[in-house]
Amino acid sequence: MLTPETLLPIHGAFPLLDEPVDGWLLFDFRGINPVMAAIVGPEAVGSRRAYVYIPASGAPSAVVHM
């Protein structure tokens, strides 16, 4: 599960990128994206479309189709 503790290394990776980015957008639908499950947690992966935006700083936002 994405927690403040697990978010620290993700936020720490942004300054190391060659090109600056505003954040990362993760997407999953029916468990096709193992990166989403690894970062956000398996409870966010399901039969619905799910998006998680992780900004370079600040709290992530999630949108899940119900």
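Everything in this summary refers to the structure shown in the same document. (Residues numbered from 1 in each chain as written. Predicted model: local features only at pLDDT ≥ 70, side-chain atom pairs only at ≥ 80, totals over all residues. Heavy atoms only, no water.)

Description of the packing of aromatic side chains
Inference 1: Evaluation of the coordinates by the stated rule reveals two aromatic pairs.
Inference 2: Judged by centre distance (4.9 Å) and plane angle (45 degrees), the rings of F27 and Y51 are tilted. In this pair, F27 sits in strand β1 (residues 23-28) while Y51 sits in strand β2 (residues 50-55), placing the two residues 24 residues apart along the sequence.
Inference 3: According to the relative accessible area criterion, F27 is partly exposed, its value standing at 29%.
Inference 4: For Y51, a relative accessible area of 35% puts it in the partly exposed group.
Inference 5: The positively charged end of R49 is found above the aromatic ring belonging to F29, 4.0 Å away from the centroid. (Phe/Tyr/Trp six-rings, centres within 6.5 Å; stacked < 30°, edge-to-face > 60°. Helix = DSSP H or I, 4+ residues; strand = E, 2+ residues; numbered from the N terminus. Buried < 20%, exposed > 50% of the residue type's maximum accessible area, 1.4 Å probe, protein only. Lys NZ or Arg CZ within 6 Å of the ring centre and 35° of its normal.)

Quick look at the nonpolar core
Inference 1: Formed by L7, I10, F14, L26, M36, V40, A50, V52 and I54, the largest nonpolar core amounts to nine residues.
Inference 2: Mapped by element, the contributors of at least two residues to this core are α1 (4-13), α2 (34-40) and β2.
Inference 3: The dominant element in this core, judged by the number of residues it contributes, is β2, at three residues.
Inference 4: Beyond its immediate sequence surroundings of up to four residues, V52 is in contact with W24, L25, L26, M36, V40, P60, S61 and A62. (Core = buried A, V, L, I, M, F, W, Y, C linked by side-chain atoms within 4.5 Å. Contact = heavy atoms within 4.5 Å.)

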